[in-house]
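# Report on the structure
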Amino acid sequence: MVDGVLFVCHANMCRSPMAEFIARRLLADLPVVVTSAGTDAVDGAAMHPYAVEVAAGTGADAAAFRTRRLRPEHLAGAALVLTATRRQRSACTALAPTALTRTFTLRQFARLAAAAEPAGATADTPLRAAVAAARGGPRGGGPPPPPRRRPGRPPGGGPPPQRPRRPGGGGGGA
């Protein structure tokens, strides 16, 4: 059985195609099909020239790559969906609610998979084992570890705190 990994970003011109080419190289020995799509992509556009350079570093020829807009059938055929942002994860699960348990942001999947014990014996492929381990959280159950906050950001997200301005404007005008 061949599993699929789908990388999703906004336009399918930079992040998701680069991830696709890198993952293809890393997973070359496994029965895995790696693809990418964009939530707001225009079908048939070329990759960004800088992304083509990165893809060439993996030994891939990205000249023939063409962008594709995310569709429900792309999500249905993937054992694992990895998105660049939470917004794109939400777009994926809105488009195909059945993909909820196998759709993660890259950062979320990395954090969950690192904290989880492998589910090796219960899954039929390494990819499905990784998804099952991430879905089950650390030690096969319980809540996932909390995300790490970025320095200078308040716990609830939002913009970084602003420093108070000095009285008098401090503009230094003439």
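Residues numbered from 1 in each chain as written. Predicted model: local features only at pLDDT ≥ 70, side-chain atom pairs only at ≥ 80, totals over all residues. Heavy atoms only, no water.

### Description of the overall build of the protein chain
In plain terms, the rule: Secondary structure elements are defined from DSSP: runs of H or I of at least 4 residues count as helices, runs of E of at least 2 residues count as strands, and each element is numbered from the N terminus. The rule is simple: take the accessible area with a 1.4 Å probe, protein chains only, and divide by the maximum for that residue type; under 20% is buried, over 50% is exposed, in between is partly exposed. Any pair of residues with heavy atoms lying within 4.5 Å of one another is described as a contacting pair.
Tallying secondary structure elements over the protein chain gives six helices and four strands in all. The secondary structure elements of the protein chain, listed N-terminal to C-terminal, are β-α-β-α-α-β-α-β-α-α. Counting across all 174 residues of the protein chain, residues that qualify as buried make up 34%. Within the protein chain, counting contacts between residues at least 6 apart in sequence, those at least 24 apart form 64% of the total.

### Observations concerning the nonpolar core
Worth spelling out the cut-off: We define the nonpolar core as a collection of buried residues of types Ala, Val, Leu, Ile, Met, Phe, Trp, Tyr and Cys that are connected through side-chain atoms lying within 4.5 Å of one another.
Counting 15 residues, the largest nonpolar core has Val 5, Phe 7, Leu 80, Leu 82 and Phe 104 as the members making the most contacts within it. Those residues in contact with Phe 7, other than ones at most four positions away along the chain, are Ser 16, Ala 19, Glu 20, Ala 23, Val 34, Thr 35, Ser 36, Ala 37, Leu 82 and Leu 106.

### Regarding the pairing of strand β3 (residues 80-83)
Keep this limit in mind: The pairing criterion for strands is at least two bridges between them, as found by DSSP.
By the alternation rule, side chains of β3 split into Leu 80 and Leu 82 and Val 81 and Thr 83, which are all buried. For strand β1 (residues 3-9) and β3, the ladder comprises four bridges, and the chain directions are parallel. Bridging from a neighbouring strand, Leu 6 pairs with Val 81 of β3. When β3 meets strand β4 (residues 103-105), the two strands line up parallel, connected through three bridges. Following the sheet pairing, Val 81 is matched in β4 by Thr 103.

### Comments concerning the pairing of β1
Spelled out, the test is: When the strands point away from the viewer and the path from the first strand over the helix to the second turns clockwise, the crossover is right-handed.
Of all the seven residues making up β1, seven are buried; the element is thus mostly covered by neighbouring parts of the structure. Neither face of β1 is left uncovered, since the one carrying Asp 3, Val 5, Phe 7 and Cys 9 and the one carrying Gly 4, Leu 6 and Val 8 both have all their residues buried. In this sheet, strand β2 (residues 32-38) lies alongside β1 in parallel orientation, the contact comprising seven bridges. Bridge pairing in β2 places Val 8 opposite Ala 37. The parallel pair β1 and β2, bridged by helix α1 (residues 15-26), forms a crossover whose chirality is right-handed.

### Some points on the sheet that holds β2
As a reminder of what qualifies: Axis definition: a line fitted to C-alpha atoms, over the contacting stretch in the case of helices. Angles run 0 to 180 degrees between N-to-C directions.
Read across the sheet, four strands follow the order β2-β1-β3-β4 without closing on themselves; strand pairing throughout is parallel. For this open sheet the edge positions go to β2 and β4, each flanked by a neighbour on one side alone. This sheet shows a mean twist of 20 degrees between the axes of neighbouring strands, independent of strand direction. Here α1 sits on the sheet in contact with β1 and β2, set at roughly 175 degrees to β2. Across the sheet, helix α5 (residues 106-115) touches β1, β3 and β4, and the angle it forms with β4 is around 100 degrees.

### Structural notes on the side chain of Thr 39
Defined as follows: In protein, a polar contact requires one atom able to donate a hydrogen and another able to accept it; more generally it is a pair of N or O atoms within 3.5 Å, and residues adjacent in sequence count only if both atoms are side-chain atoms.
Tracing the chain through its elements places Thr 39 in the loop between β2 and α2 (49-56). Here Asp 40 takes part through its side chain, which lies 3.1 Å from a polar atom of the side chain of Thr 39. With near-sequence residues (within four places) excluded, Thr 39 lies in contact with Val 8, Cys 9, His 10, Arg 69, Leu 70, Arg 87, Gln 88 and Ala 91.

### Things to note about the pattern of salt bridges
Let me state the cut-off plainly: Here a salt bridge means any side-chain nitrogen of Lys or Arg lying within 4 Å of a carboxyl oxygen belonging to Asp or Glu.
Enumeration according to the criterion identifies three salt bridges in this entry. Measuring nitrogen to oxygen at the nearest pair gives 2.5 Å for the salt bridge that ties Asp 43 to Arg 71. Of the two residues, Asp 43 is situated in the loop between β2 and α2 and Arg 71 in the loop between α2 and α3 (72-76); the sequence distance between them amounts to 28 residues. Residue Asp 43 is classed as partly exposed on the basis of its relative accessible area of 41%.

### Quick word on unusual backbone geometry
Of note, Asn 12 is a non-glycine position whose phi angle comes to about 60 degrees, a positive value. Overall, Asn 12 belongs to the buried group, its relative accessible area being 0%.

### A closer look at the packing of aromatic side chains
Rules: For Phe, Tyr and Trp, where Trp contributes only its six-membered ring, two rings pair if their centres lie within 6.5 Å, and the inter-plane angle classes them as stacked under 30 degrees, edge-to-face over 60, or tilted in between.
Overall, the coordinates contain two aromatic pairs when judged by the stated rule. Note on Phe 21 and Phe 65: the rings are 6.0 Å apart at their centroids and 65 degrees apart in plane angle, and the pair reads as edge-to-face. With a gap of 44 residues between them, Phe 21 in helix α1 and Phe 65 in the loop between α2 and α3 connect regions that are remote in the sequence. On the accessibility criterion, Phe 21 (7% relative accessible area) is buried. Classification of Phe 65 by relative accessible area gives buried; the value is 12%.

It is worth stressing that arrangement in space is one thing and function is another; only the former is reported here.
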